[in-house]
Amino acid sequence: MSGSDRNLPEGRTAWRRSALVALPAVLAVGAMATGMAQGVLAASFAVSGTHFQVASGRLTSDGLASYVHTDRSADGTGHPVALLGIGNARLTDICQAASVPTPLGKVTFKLTAGGRAGEVTASDLVIDGEDLVGDAEFGTAQIGRDASTLDQVPGVKGDAGAFGLQAGKVTVAGVRSHAWSATGGNFHLKGLRLQVNLDGDQCF
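A short tour of the structure in this document, coming up. (Residues numbered from 1 in each chain as written. Predicted model: local features only at pLDDT ≥ 70, side-chain atom pairs only at ≥ 80, totals over all residues. Heavy atoms only, no water.)

Quick look at the overall build of the chain
In terms of regular secondary structure, the chain is built from two helices and 13 strands. Residue burial in the chain is summarised as follows: out of 204 residues, 35% are buried. Across the chain, the fraction of contacts at a sequence separation of at least 24, relative to all contacts at a separation of at least 6, is 76%. With the model as given, the accessible surface of the chain reaches about 11,700 Å², and the carbon-plus-sulfur share is 57%. (Helix = DSSP H or I, 4+ residues; strand = E, 2+ residues; numbered from the N terminus. Buried < 20%, exposed > 50% of the residue type's maximum accessible area, 1.4 Å probe, protein only. Contact = heavy atoms within 4.5 Å. Areas by Shrake-Rupley, 256 points an atom, 1.4 Å probe, with all protein chains shown as cover.)

Some thoughts on the nonpolar core
Judged by nonpolar contacts, the single largest core of 19 residues is most densely connected at Leu-91 and Leu-125. Going through the elements one at a time, β1 (52-61), β4 (89-91), β5 (93-102), β7 (120-123), β8 (125-138) and β11 (170-183) are the ones with two or more residues in this core. Tallying contributions element by element places β11 first for this core, with four residues. Those residues in contact with Leu-91 that lie beyond four places of it in its chain are Ser-56, Arg-58, Leu-59, Glu-119 and Val-120. If you look at the next biggest cluster of nonpolar residues, it comprises eight residues, including Tyr-67, Leu-83, Val-126 and Val-156. (Core = buried A, V, L, I, M, F, W, Y, C linked by side-chain atoms within 4.5 Å.)

As for a nonpolar patch on the surface
A contiguous nonpolar patch, built from Val-100, Phe-109, Leu-194 and Val-196 and spanning about 330 Å² of accessible area, is present on the exposed surface. Relative to the assigned elements, Leu-194 resides in strand β13 (residues 193-198). (Patch = residues over 30% accessible without salt bridge, like charges linked within 9 Å, V, L, I, M, F, W, Y side chains within 5 Å. Salt bridge = Lys/Arg side-chain N within 4 Å of Asp/Glu carboxyl O.)

A closer look at the pairing of β5
Relative to β5, β1 runs antiparallel, the two sharing three bridges. For Ala-55, the partnering residue across the bridge sits in β5 and is Cys-95. Relative to strand β6 (residues 105-114), β5 runs antiparallel, the two sharing ten bridges. Along β6, the bridge assignment pairs Ile-94 with Ala-113. Counted between consecutive antiparallel strands, the loop separating β5 from β6 contains two residues. (Pairing = 2+ DSSP bridges.)

Re the environment of Gly-76
By the secondary structure assignment, Gly-76 is in the loop between β2 (63-72) and β3 (78-87). In the structure, Gly-76 is positioned 29 residues away from Val-47 in sequence and 9.8 Å away in space, judged by C-alpha atoms.

Details of the state of the cysteines
Applying the stated criterion to the full structure yields one disulfide. What pairs with Cys-95 in a disulfide is Cys-203, and their sulfur atoms sit 2.0 Å apart. In this structure the cystine formed by Cys-95 and Cys-203 twists about its S-S bond by roughly -85 degrees; its chirality is therefore left-handed. Highlighted residues: Cys-95 in strand β5 and Cys-203 in the segment after β13, separated in sequence by 108 residues. (Disulfide = S-S within 2.5 Å.)

Notes on the side chain of Thr-60
Within the fold, Thr-60 resides in strand β1. When its relative accessible area of 15% is taken as the criterion, Thr-60 is described as buried. When neighbours within four sequence positions are excluded, Thr-60 is seen to be in contact with Asn-88, Ala-89, Arg-90, Val-170 and Thr-171.

Remarks on the pattern of salt bridges
Inspection of the entire model under this criterion finds two salt bridges. Between Arg-90 and Asp-62 there is a salt bridge, and its shortest N-O distance comes to 3.7 Å. Of the two residues, Arg-90 sits in strand β4 while Asp-62 sits in the loop between β1 and β2, which places them 28 residues apart along the sequence. Here Arg-90 falls in the partly exposed class, since its relative accessible area comes to 23%. Residue Asp-62 is classed as partly exposed on the basis of its relative accessible area, which comes to 45%. A salt bridge links Arg-145 to Asp-151, with the nearest nitrogen and oxygen atoms 3.4 Å apart. On the accessibility criterion, Arg-145 (24% relative accessible area) is partly exposed.

Next comes the structure, spelled out in structure tokens:
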């Protein structure tokens, strides 16, 4: 311990030393946050072996871009998905739920927000989903576009030659999806509620 640290009153922190230790971690987190906001970290992490439900009464967005992608679990297992990049999403409500096996039995992890509490918003939302069900309206749709040329949602592009699609203003009512991952630059979840229950109800 340095002389300056020995002279600190009990319970005080050597802020200069702490700042030096914390700086690399702060920079790393900042870089990850920037990457997520740009959509470049979509599905770059190993997904769990459990997919989850996502539901909303209504979703609107300024644009959508999608292409076929593969998520991978830590053991290398591949999961084919449609990567959905949704620019500046607004949702009337949101429900996310997963059924997880535990030594006590099946446990439902469920998160809800929005509804009477107010609109849910997410910037640079990227969902890797197995399916998407709902009543949709798209503006200026382009289906079959090369995934490497997608430009409707910043940062959301696939490999050259891969099948892709994109559209302008998007509205989807009665959203239902099974997904392996979801990332976003910023989430604003009004009325957030998290529940963990044995054999609890999921979203649908």
